[in-house]
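Geometric and topological summary
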Amino acid sequence: GAVVSQHPSWVICKSGTSVKIECRSLDFQATTMFWYRQFPKQSLMLMATSNEGSKATYEQGVEKDKFLINHASLTLSTLTVTSAHPEDSSFYICSATPDSGLTDTQYFGPGTRLTVL
Amino acid sequence: RKEVEQDPGPFNVPEGATVAFNCTYSNSASQSFFWYRQDCRKEPKLLMSVYSSGNEDGRFTAQLNRASQYISLLIRDSKLSDSATYLCVVNQGGDSGGGADGLTFGKGTHLIIQP
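Reading guide: rules and limits
Every chain's residues receive numbers from 1 upward, in the order its sequence appears when written. Just so you know, chain letters begin at A and ligand numbers begin at 1, following the order they were written in. It should be noted that, the model being predicted, local features are given only for residues of pLDDT at least 70 and side-chain atom pairs only at 80 or more, the latter also being counted only at that level, while totals for whole chains, interfaces and linings use all residues. Only hydrogens and water are removed before side-chain values are computed, so all heavy atoms of the structure are retained for them. Helix numbers and strand numbers start at the N terminus; a helix is a DSSP run of H or I with at least 4 residues, a strand a run of E with at least 2. Radius of gyration here uses only the C-alpha atoms, and the compact-globule reference equals 2.2 Å multiplied by the residue count raised to the power 0.38. Here's how the labels work: a residue is buried when its accessible area is under 20% of the maximum for its type, exposed when over 50%, partly exposed in between, all with a 1.4 Å probe on protein chains only. The criterion used for residue contact is that any of the two residues' heavy atoms lie within 4.5 Å. Here the Shrake-Rupley method, with its probe set to 1.4 Å, supplies the accessible areas, and only the displayed protein chains count as covering residues. Criterion used throughout: strands pair if DSSP finds at least two bridges between them. In this analysis an axis means a line fitted to C-alpha atoms, helices contributing only their contacting stretch, and an angle means the value between N-to-C directions, from 0 to 180 degrees. Summed over both partners, the accessible area (1.4 Å probe) lost when two parts come together is defined as the buried area. Take a side-chain nitrogen of Lys or Arg and a carboxyl oxygen of Asp or Glu: if they are within 4 Å of each other, that pair is a salt bridge. Per-residue confidence from the predictor is reported as pLDDT, a score between 0 and 100.

Right, let's get into the overall build of chain A. For chain A, the helix and strand inventory stands at zero helices and 11 strands. The helix and strand sequence of chain A, counted from the amino end, reads β-β-β-β-β-β-β-β-β-β-β. A globule of 117 residues ought to have a C-alpha radius of gyration of about 13 Å, and chain A, at 13 Å, matches this closely. Here the C-alpha coordinates of chain A stretch approximately 40 × 25 × 20 Å along the principal axes. Among the 117 residues that make up chain A, the fraction classed as buried is 50%. When contacts within chain A are restricted to residue pairs at least 6 apart in sequence, long-range pairs at least 24 apart make up 54% of them. About 5800 Å² of surface is accessible on chain A, with carbon and sulfur atoms providing 54% of the total.

So this is what it looks like as C-alpha cells:
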C-alpha cells in the first residue's frame, strides 16, 4: 500500500523558534498533499493544501506567513511553523493522494507531535 | 459551515457484541465518504470507503444515506483490538473545480471493547 512518512515524529522547542516538518510519499507521486492539525480531544482540521510547483492554499483562519509550506517535488512537502508559540503545540499530520490512483483516498503520515515550551 | 457530526461516546461494548454508530454531514454536495480509525496518539488509518450501495469488509459494514445525509458503520463480533476512535470523514469536493480536496473530519466516536 501507499506509504507516507513524516519527520520528525516529535519535537520540543522553545517559544520563538521555527520548526520544519517533512512529509514524504515513499512509493508514489503526489501533486497534492494536505496538512492537518489535531488538538487534544478535537478532530483533525485541514490547515492547507500543498500543491507541487505552486503556492499552497490555506484554510480560513490559518496564517500563511506563520505556517510556511513548500512542495518542491512530487514526493516531498514541508511545513515550517515560524516563531512557534505554546498555542501552536499540536499534532500535525500530512496526507497525500497518489497521482495515479483511481480514487481520492488519502494516505496519512504518522504525524508529528509539536510541543512548544 | 460544512460540518460532520458524530456522537463522541464512549461506547463501552462487551467483546463479541455488535455495535453501530452513525454520522451526519451538512453539505449535500459532498462526494466521497470514509470511515477512518485512529488509535491513541496515532495517525488516522483508512478503515473503508462508503458507497451509495453500501459495502462490507469482513466484520465491518458501511452504509450511506444521501437523502438523510448520514453514514453508518456496523461492527459485528467485536474484538478487543477494535477499541479505537472511529472517524467519519467526508470529501466535500467541488469547491476547487477539480483535483484532490482536503477532508472534513468528524470528532470521532470512541469505542471501548471490554473483555
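What follows continues from the structure just given.
All names here are of chain B. Relative to the helices and strands, Glu5 is located in strand E1 (residues 4–6). Assessed through its relative accessible area of 42%, Glu5 is described here as partly exposed. Distance from Glu5 to Phe60, taken between C-alpha atoms, is 20 Å for residues 55 residues apart in sequence.

In this section: the sheet that holds strand E7 (residues 60–65) of chain B. Residues and elements named next belong to chain B. One open sheet accounts for five strands, arranged E1-E3-E8-E7-E6; its pairing is antiparallel. Two strands lie at the open edges of the sheet, namely E1 and strand E6 (55–57), each paired on one side alone. Shown here is a sheet whose adjacent strand axes are inclined to one another by a mean of 20°, direction ignored. Across six bridges, strand E3 (residues 19–25) lies against strand E8 (residues 70–75) in antiparallel orientation. When the bridges of E8 are listed, Asn22 appears paired with Ser72.

Each partner contributes residues to the interface: chain B has 19 residues there, and chain A has 18 residues. Summing the contributions of chain B and of chain A, the shared interface buries around 1500 Å²; its carbon and sulfur component is 56%. On inspection of chain B and its partner chain A, the count reaches zero salt bridges. At the level of secondary structure, the elements contributing two or more residues to the side of chain B that touches chain A comprise strand E4 (32–38), strand E5 (45–50), strand E9 (84–91) and strand E10 (103–105) of chain B.

On to the confidence of the model for chain B. Residues and elements named next belong to chain B. Averaged over all residues, the pLDDT of chain B is 89; the fraction at 70 or higher stands at 91%. Per-element mean pLDDT across chain B ranges from 89 in E10 up to 96 in strand E11 (residues 109–114). For the stretch residues 94–98, pLDDT sits under 50, and the model shows four contacts to residues farther than four places along the chain or on other chains.

Turning our eyes to something else, we now look at the pairing of E7 of chain B. Residue and element names in this part refer to chain B. Bridge count between E6 and E7: three bridges; the pairing is antiparallel. Bridge pairing in E7 links Asp57 to Phe60. Where E6 folds back onto E7 in an antiparallel hairpin, the turn is made up of two residues, including Gly58, whose phi is positive at roughly 65°. Two elements, E7 and E8, share six bridges in a ladder whose sense is antiparallel. Within E8, the position partnered with Phe60 by the bridge is Ile75. Hairpin connection of E7 to E8: four residues between the antiparallel strands, including Gln69 at a positive phi of 60°.

Okay, the pattern of salt bridges next. Tallying each qualifying case throughout the model produces seven salt bridges over all chains. Residue Asp88 of chain A pairs with Lys66 of chain A through a salt bridge whose shortest N-O separation is 2.7 Å. In this pair, Asp88 of chain A sits in the loop between strand E8 (76–81) and strand E9 (90–96) while Lys66 of chain A sits in the loop between strand E6 (57–58) and strand E7 (67–73), placing the two residues 22 residues apart along the sequence. Accessibility expressed as a relative area gives 6% for Asp88 of chain A, which makes it buried. Across the pair Arg76 of chain B and Glu56 of chain B runs a salt bridge whose closest N-O atoms are separated by 3.4 Å. Of this pair, Arg76 of chain B sits in the loop between E8 and E9 while Glu56 of chain B sits in strand E6; the two residues are 20 residues apart in sequence, bridging distant segments of the chain.

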